[in-house]
Amino acid sequence: MGRLAVGISAGFAVAACIVAAAMVGKRVKRRRKWKKMVKVLEELEESCGTPVGRLKQVVDAMAVEMHAGLASEGGSKLKMLLTYVDKLPNGREKGTYYALHLGGTNFRVLRVHLGGQRSAILGQDIERQPIPQHLMTSTSEDLLDFVASSLKDFIEKEGNGLEQPSPRRRELGFTFSFPVKQTSASSGILIKWTKGFSIEDMIGRDVSECLQQAIARKGQDVRVAALINDTVGTLALGHYNDEDTVAAVVIGTGTNACYLERADAIIKCQGLLTTSGGMVYMLFHIFVKCQGLLTTSGGMVVNMEWGNFWSSHLPRTSYDIDLDVASPNPNDQGFEKMISGLYLGDIVRRVLLRMSQESDDFGPASSKLAVPFALRTPLMAAMHEDDSPDLSEVARILGEVLELPDVPVKVRKLVVKVCDVITRRAARLAAAGIVGILKKIGRDGSGGIAGGKFRSDRPSRMRRTVVAIEGGLYTSYTLFREYLNEAMKEILGEEISSNVILRVMEDGSGIGAALLAAANSASEVDRVQLH
């Protein structure tokens, strides 16, 4: 009996050892998987690194690419499109002006009342209209007749207790958010449709002229005085409020920038003609190709289309490469894919997917985590800025959006860290892009750039410089904004950065368009002067 008891005890001991060994093995295995997940984060942090030295390399690359894009068509990834806008609102504009913004499935009509003093917008009225689905694939006449009818109805509601406008012709600024080749400050040729529109008979035609004809058919005396994109509108609004505004940046779902450039720096506005004898004549097309807008003492607004900027100095990861390959436009818009709101959430999703493949700490596998763009940037921002003790908002979004209902707190902390790494990189790169613009025009404390080389021969007298900025990523995402502002100071230094002001604008695409209509209709407004 004693031997039996000993045997049983020994058996229990062996079983206990086996169970204990199994438990230890599981813990070791779980710890190993956890370490793999942490390693994914560590590798991400390293590959997304943006030390100030690297940011300054991006600054230099941006300035050089800007020069190359101004030198010749196709000379740079940056298109550096001429807008022909050489008159910006300066605060003296007075009267009532209109704006029309067509950029998606809705359009807006605005009426802005200006008081003749800087920042004196006495009032504004706005109406939004959905565009019927069938008109998005109909004819240019059908679409623009609908728009013109809405404009007519809006004009007929004029008044509302405000001073009645004078009987002169009304002036309209038209924000058209589709690819256009600008031919003057108020005209441009439609290159292609996007965003679900497909109206073939309008491609290759002057957008403003098509709208002007539709307005005439409705019996309205309205002149399309400006054709712009939203970034140029933001610059116009910024300059109206502050004459030291030299550039504008939009960082939202997409991203772009524009700025004021000196006439003599826009080299591609000057043509080279080679005769059969080989003699080269310099033909100054300033008054022909650029329609007389450039003068040796003035300048023009240049639309950079900076989303397409690229440099080997940008900290690209395998997640960026995978996103690019899977996108409808691979090898295009590389800068935008690293800094704009359309993509940040999906980069984070891709990192989380990789982590979930390395460890089961996320819980049962979720097919939703493998769906492109399942995690939108506003939700990513909400997780990033969750300051609750148990990260309850992170848990909610992971559960409801990505179908990961039982993620432990320690993993939620990793998720927040991933959001931080991707957001910090984006904000700091955007800051480098802004400083690149300032460097190109000599507003970073340097002498600027000329002839493709940085100038150090001029004294660096730093002037007050304002950059107008718009877009939800900057205005609504606190941590993104803080990281961008912090990087500006790091790159420029305390003394220089104190002279650079990032000023938030609202509705450049609407109010800015009306202001440009005012600037282009007021004969007393001078062309913008750059010093």
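Note that the coordinates shown come from a computational prediction; the quantities given were computed from them, not determined experimentally.

Novice: Just checking my understanding: could you explain the overall build of the protein for this structure?
Specialist: Each helix and strand counted, the protein has 15 helices and 17 strands in total. Buried positions account for 52% of the 531 residues belonging to the protein. Considering only residue pairs separated by 6 or more positions, the protein has 72% of its internal contacts joining residues 24 or more positions apart. Entry remark: accessible area of the protein is about 23,700 Å², with carbon and sulfur atoms responsible for 53%.

Novice: How should helix H2 (residues 52-71) be read in this particular structure?
Specialist: Helical geometry note: an α-helix holds 3.6 residues per turn, so side chains three or four residues apart project in the same direction. Here H2 contains 20 residues, and its C-alpha end-to-end distance of 29 Å stays within 8% of the 28 Å for a straight helix at 1.5 Å per residue. Those residues of H2 lying buried are Leu-55, Val-58, Val-59, Ala-61, Met-62, Ala-63, Met-66, His-67, Ala-68, Gly-69 and Leu-70.

Novice: Can you walk me through the pairing of strand S6 (residues 180-184) in this structure?
Specialist: If a strand is regular, its side chains alternate between the two faces of the sheet. When S6 meets strand S7 (residues 187-190), the two strands line up antiparallel, connected through four bridges. Bridged to Val-180 within S7 is Leu-190. What sits between S6 and S7 in their antiparallel hairpin is a turn of two residues.

Novice: How do you make sense of the sheet that holds strand S5 (residues 170-176) when you look at a structure like this?
Specialist: Overall, mixed pairing links the five strands, which are arranged S4-S3-S2-S5-S8 in an open sheet. Sheet topology places strand S4 (121-130) and strand S8 (222-228) at the edges, where each strand pairs with a single neighbour. The average undirected angle you get between the axes of adjacent strands in this sheet is 20 degrees. Here strand S2 (residues 94-102) runs beside strand S3 (residues 106-115); their pairing, made up of nine bridges, is antiparallel. In the strand pairing of S3, Ala-99 is matched with Leu-110. Packing of helix H4 (residues 207-217) onto the sheet brings it into contact with S2, S5 and S8, and relative to S8 it is tilted by some 155 degrees.

Novice: Honestly, the packing of helix H10 (residues 392-400) against helix H11 (residues 409-440) in this entry has me stumped. Any pointers?
Specialist: The geometry of a pair of packed helices is captured by two quantities: the angle between their axes and the separation between those axes. Running from N to C, H10 and H11 point in directions that differ by 90 degrees, and their axes come no closer than 10 Å. As far as their axial angle goes, H11 and H10 are roughly perpendicular. Residues Val-394, Ala-395 and Leu-398 of H10 pack against Arg-412, Val-415 and Val-416 of H11. Broken down by class, the residue content of the contact of H10 with H11 amounts to five nonpolar, no polar and one charged.

Novice: Looking at this model, I keep getting lost on the packing of aromatic side chains. Mind explaining?
Specialist: Within a pair of aromatic rings, the relevant descriptors are the distance that separates the centres and the angle that separates the planes. Tallied over the entire structure, the rule returns 12 aromatic pairs. Residues Phe-176 and Phe-178 carry aromatic rings whose centres are separated by 5.0 Å and whose planes lie at 50 degrees to one another, so their mutual orientation is tilted. For the residue pair Phe-176 and Phe-178, the accessibility class agrees, reading buried in each case. Site record: aromatic cluster; members linked through ring pairs are Phe-174, Phe-176, Phe-178, Trp-193 and Phe-197. Above the face of the Phe-154 ring, Arg-111 is positioned so that its terminal group lies 4.3 Å from the ring centre. In this arrangement the basic side chain of Arg-424 is found over the ring face of Tyr-483, its NZ or CZ atom lying 5.7 Å from the centre.

Novice: Looking at this structure, I do not really get the nonpolar core. What am I missing?
Specialist: Across soluble globular proteins, nonpolar side chains show a tendency to be buried alongside one another. Membership of the largest hydrophobic core comes to 119 residues, with the highest contact counts inside it found for Met-304, Trp-306, Leu-352 and Leu-484. Here this core takes 18 residues from H11, the largest share from any one element. Excluding its chain neighbours within four sequence positions, the residues that come into contact with Leu-352 are Phe-362, Leu-369, Leu-398, Leu-402, Val-415 and Val-418.

Novice: Is there a simple way to think about the side chain of Glu-261 in this case?
Specialist: Tracing the backbone through its elements, the reader meets Glu-261 in strand S10 (residues 255-262). Glu-261 sits in the buried class, given a relative accessible area of 3%. Reaching out from Glu-261, the side chain makes a polar contact with the side chain of Tyr-259 at a distance of 2.6 Å. At a separation of 2.9 Å, a polar atom in the side chain of Glu-261 contacts the side chain of Lys-440.

Novice: Honestly, H11 in this entry has me stumped. Any pointers?
Specialist: For H11, built from 32 residues, the straight-helix expectation of 46 Å at 1.5 Å per residue is met to within 8% by its first-to-last C-alpha distance of 47 Å. Burial analysis of H11 places 27 of its 32 residues in the buried class, the great majority of the element. Two residues or fewer after H11 comes Gly-442, characterised by a positive phi angle close to 70 degrees.

Cut-offs applied
Residues numbered from 1 in each chain as written. Predicted model: local features only at pLDDT ≥ 70, side-chain atom pairs only at ≥ 80, totals over all residues. Heavy atoms only, no water. Helix = DSSP H or I, 4+ residues; strand = E, 2+ residues; numbered from the N terminus. Buried < 20%, exposed > 50% of the residue type's maximum accessible area, 1.4 Å probe, protein only. Contact = heavy atoms within 4.5 Å. Areas by Shrake-Rupley, 256 points an atom, 1.4 Å probe, with all protein chains shown as cover. Expected span 1.5 Å × (residues − 1). Pairing = 2+ DSSP bridges. Axes fitted to C-alpha atoms, helices over the stretch in contact; angles between N-to-C directions. Parallel < 35°, antiparallel > 145°, perpendicular 65-115°, else oblique. Nonpolar A, V, L, I, M, F, W, Y, C, P; charged D, E, K, R; others polar. Phe/Tyr/Trp six-rings, centres within 6.5 Å; stacked < 30°, edge-to-face > 60°. Lys NZ or Arg CZ within 6 Å of the ring centre and 35° of its normal. Core = buried A, V, L, I, M, F, W, Y, C linked by side-chain atoms within 4.5 Å. Polar contact = N/O pair within 3.5 Å; in protein donor to acceptor, adjacent residues only side chain to side chain.

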